[in-house]
4 protein chains.
Amino acid sequence: MARQVAVCGPADCTDQERAWAHEVGTRLADAGVVVLCGGAGGVMAAVAAGATAHGGIAVGIRPDAARGPADEAANLTVTLRTNLGQARNAVLITSADAVIAIGGSWGTLSEVALAMRRAIPTFWLGGWSLVGADGQSVDGVVTVDSPERAVTAALNVLLDEH
Amino acid sequence: MARQVAVCGPADCTDQERAWAHEVGTRLADAGVVVLCGGAGGVMAAVAAGATAHGGIAVGIRPDAARGPADEAANLTVTLRTNLGQARNAVLITSADAVIAIGGSWGTLSEVALAMRRAIPTFWLGGWSLVGADGQSVDGVVTVDSPERAVTAALNVLLDEH
Amino acid sequence: MARQVAVCGPADCTDQERAWAHEVGTRLADAGVVVLCGGAGGVMAAVAAGATAHGGIAVGIRPDAARGPADEAANLTVTLRTNLGQARNAVLITSADAVIAIGGSWGTLSEVALAMRRAIPTFWLGGWSLVGADGQSVDGVVTVDSPERAVTAALNVLLDEH
Amino acid sequence: MARQVAVCGPADCTDQERAWAHEVGTRLADAGVVVLCGGAGGVMAAVAAGATAHGGIAVGIRPDAARGPADEAANLTVTLRTNLGQARNAVLITSADAVIAIGGSWGTLSEVALAMRRAIPTFWLGGWSLVGADGQSVDGVVTVDSPERAVTAALNVLLDEH
């Protein structure tokens, strides 16, 4: 049974984030991991493109009931049209053995928060930092500085679980 | 982009329903269709086994946050651990281009009803009949009498949509 | 802590169903029961109007993220804007101690089926009948023939649970 | 039609957060606002207790299918037993005209993030701060330093919308 990693990030992303997401997708596919994403554009479309370019499976878990525009749907092996709005973020995270987040946005933050809430190992590339009411950094999310390290860290977690 | 058919039916099913589900899975896989199911036992496990036995993709959309017992998980290419309870029935149906139901149960009935509510073509093998308050049969769900006819009818709908 | 009864039925209903729903709402409010409904028109708006006319609480659990048109929102004490589509039907049913369905529609049928799936006592006024693959009537949903009997039957169940 | 404010915060909270939540509940009830919360303990139970102590309506939107322990259920006027897990956070937020968060936790952060994602006015008392990848503070959530200011700010937003 294949392991599943959710890759989260904004639809409205930078070129660097898009390139990172594509590389994360290729590396996860090379490792035989199923890629889960939100099924929309930006980071989501890029990770799906990377995964399927390397023969992997990319699953898009969309917030609406549509297949989405052709450019978003093109590289999805499976499309879940949840029609749940942002409640789909919880479905995406709960289904994942590990989470890689790329870039910062409110939607991405909600997914990182839900992952930490469920204690799913989470790695953030180019993301936000959290400071508690006491002025101290909030621990939990692991910061990584390259797609390669994000994937290596996630794969190490999955190996440990076996 | 592959078409997706949801196959619904009880976890607690008869041997005939299990055999029907397996055959439906093989036929959908042969046609290159992605099989969506509820990710549990009985009809759900059988259709997944049939699909993957013929090289197809089987997606299990589970009600809980677990991977499920080994025998249910064995033949799922992807497992969505929705943690939505029976609200996952709506996610399963909304994601489908057509629905094949096998056998009768309250959960199956809820999926058939949601499919009709969304006007998704629905074919029922060994299912229940509905009689309106006026004593007349309620139209909508198409009754079929073999796995072959269920799949042929579903594929015809998908072809018409292209 | 107040008991909660879900009242389900079509948005597009007959005058008789609307009158039945209004009476069910008044009777539940008189008994101090919180009324849950789907928050849209027809049976849903009528039961809310009946409940609040008698000083009760009516909760609308809507499928979208809007407050709804003024005539649907007018008599709702609380509006849950779930944005879950028809997955909200499961939220409505799971929240109920008993279910009263009025009239027939696919959406209503999905709610009755989910209620039976969870073994929540369910009473149907002017509803559909179910016939199994063996030609026998499917047991479970209790048929009632007046709003008074629907409410009396639901209240008896709630009393028994105390 | 009453306005609705979601009050979010951890089940495992400090005494100060509990006191803040209670005061927020009383002030919202005094203003005729319906209080929505997650229906569990800590901040959630305290805001419900405050609201109902001042004659208000408190709605608990729980993650599971249970009524919850007696101390959590005691002050809820209505309990939605969503059975959606943390996907219920999205239902809670989408239903709110404004959000007040008290204290910091991963679950609370997910709710703040979902509120900002939907551009619902959000006020955070004793919460976390967010720093972007560029080292700059992320704007959006309004920090407040007392229950009184949290409620005043939320009420001002609701007034502006009329």
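Shown above is the structure to which this text applies.
Residues numbered from 1 in each chain as written. Chains lettered and ligands numbered in written order. Predicted model: local features only at pLDDT ≥ 70, side-chain atom pairs only at ≥ 80, totals over all residues. Heavy atoms only, no water.

**Q** Even after reading the chapter, I still don't get the relation of the copies chain D and chain C, so can you show me in this structure?
**A** There are two copies of the chain, and a rotation about an axis plus a shift along that axis relates them. Expressed as a screw operation, the relation of chain D to chain C combines 0.0 Å of axial shift with a rotation of 180°, fitting to an RMSD of 0.0 Å. Viewed as a symmetry operation, the transformation between the two copies matches a two-fold axis. Most of the interface of chain D is mirrored in chain C: 100% of its interface residues are interface residues there too. (Least-squares fit on C-alpha atoms with pLDDT ≥ 70 in both. Contact = heavy atoms within 4.5 Å.)

**Q** I keep staring at the environment of Leu80(C) and nothing clicks. Help me out?
**A** In this structure, Leu80(C) sits in strand S4 (residues 78–81). With relative accessibility at 1%, the residue Leu80(C) sits in the buried group. Among residues more than four places away in sequence, those in contact with Leu80(C) are Val59(C), Gly60(C), Ile61(C), Arg62(C), Ile61(D), Leu80(D), Val91(D) and Ser95(D). (Helix = DSSP H or I, 4+ residues; strand = E, 2+ residues; numbered from the N terminus. Buried < 20%, exposed > 50% of the residue type's maximum accessible area, 1.4 Å probe, protein only.)

**Q** Looking at this structure, I do not really get the pattern of salt bridges. What am I missing?
**A** Pairing is possible between side chains that carry opposite charge, provided their charged atoms lie close to one another. Following the criterion strictly, the structure yields 35 salt bridges over all chains and no others. A salt bridge links Asp97(B) to Arg81(A), with the shortest nitrogen-to-oxygen separation between them at 3.1 Å. One end of the pair, Asp97(B), is in the loop between helix H4 (88–94) and strand S5 (98–102); the other, Arg81(A), is in strand S4 (residues 78–81), on a second chain. Overall, Asp97(B) belongs to the buried group, its relative accessible area being 8%. Here the salt bridges share partners, and the residues they tie into one network are Arg3(A), Asp97(A), Arg67(B) and Arg81(B). (Salt bridge = Lys/Arg side-chain N within 4 Å of Asp/Glu carboxyl O.)

**Q** Please explain unusual backbone geometry as it appears in this structure.
**A** Glycine aside, residues mostly have negative phi, and peptide bonds are mostly found in the trans state. Of note, the phi angle at Asn83(A) is positive, near 60°, even though the residue is not glycine. The phi torsion at Ala119(B) lies on the positive side, around 60°, for a residue other than glycine. Tracing the backbone shows Ala119(B) in the loop between helix H5 (106–117) and strand S6 (122–125). For Ala119(B), a relative accessible area of 63% corresponds to the exposed category.

**Q** Honestly, the side chain of Gln86(C) in this entry has me stumped. Any pointers?
**A** For Gln86(C), the position within the fold is in the loop between S4 and helix H4 (88–94). Gln86(C) gets classed as buried once you look at its relative accessible area, which sits at 15%. Setting aside anything within four residues of it in sequence, one finds Gln86(C) in contact with Ala90(B), Leu114(B), Arg117(B) and Pro63(C).

**Q** Before we go on, may I ask you to explain helix H2 (residues 43–53) of chain B in this structure?
**A** One full turn of an α-helix is made of 3.6 residues, so residues set three or four places apart face in the same direction. All names here are of chain B. Buried residues dominate H2, accounting for 9 of its 11 residues. Taken together, the buried positions of H2 are Val43, Met44, Ala45, Ala46, Val47, Ala48, Ala49, Gly50 and Ala51. Note on H2: the residue one or two positions beyond its end, Gly55, has a positive phi of about 80°.

**Q** Is there a simple way to explain the interface of chain B and chain A in this structure?
**A** How large an interface is tends to be reported as the accessible area lost when its parts come together. In this complex, chain B contributes 26 residues to the contact, which on the side of chain A involves 26 residues. Note on chain B versus chain A: buried area summed over both sides is about 2200 Å², and carbon and sulfur give 56% of it. Three residues stand out in chain B for area buried against chain A, namely Met1(B), Arg67(B) and Arg81(B), and they jointly supply 27% of the buried area on that side. Applying the counting rule to chain B against chain A returns 4 salt bridges. When the shortest N-O distance is used, the salt bridge between Arg67(B) and Asp97(A) registers 2.9 Å. At the junction of chain B with chain A, the criterion picks out 13 residue pairs in polar contact (both at pLDDT 80 or more). By residue number, the principal contributor to the side of chain B that touches chain A is strand S4 (residues 78–81) of chain B, which donates 4 residues. (Buried area = accessible area lost by both parts, 1.4 Å probe. Polar contact = N/O pair within 3.5 Å; in protein donor to acceptor, adjacent residues only side chain to side chain.)

**Q** Any chance you could explain the packing of aromatic side chains here in plain terms?
**A** Here a ring pair, both rings aromatic, is described through the centre-centre distance and the interplanar angle of the planes. Residue and element names in this part refer to chain A. Under the definition given, this model contains 4 aromatic pairs over all chains. With 5.2 Å between their ring centres and 85° between their planes, Trp106 and Trp128 make a pair best called edge-to-face. Of this pair, Trp106 sits in helix H5 (residues 106–117) while Trp128 sits in the loop between strand S6 (122–125) and strand S7 (129–131), and the two are 22 residues apart along the sequence. An identical accessibility class is assigned to Trp106 and Trp128; each is buried. (Phe/Tyr/Trp six-rings, centres within 6.5 Å; stacked < 30°, edge-to-face > 60°.)

**Q** Can you walk me through the pairing of strand S1 (residues 4–8) of chain A in this structure?
**A** On a regular strand, one side chain projects to one face of the sheet and the next to the other, so that they alternate. Residues and elements named next belong to chain A. Among the 5 residues that make up S1, 5 are buried, leaving the element largely enclosed by the rest of the structure. Of the two faces of S1, both are covered, the one formed by Gln4, Ala6 and Cys8 as well as the one formed by Val5 and Val7. In this sheet, strand S2 (residues 34–37) lies alongside S1 in parallel orientation, the contact comprising 3 bridges. Each residue of the ladder has a partner; that of Val5, found in S2, is Val35. In this fold, S1 hands off to helix H1 (residues 15–30), which returns the chain to S2; that crossover is right-handed. Sheet analysis places S1 next to strand S5 (residues 98–102), joined by 4 bridges and oriented parallel. If you follow Ala6 over to S5, its bridge partner there is Val99. (Pairing = 2+ DSSP bridges. Right-handed = clockwise from strand over helix to strand, strands pointing away.)

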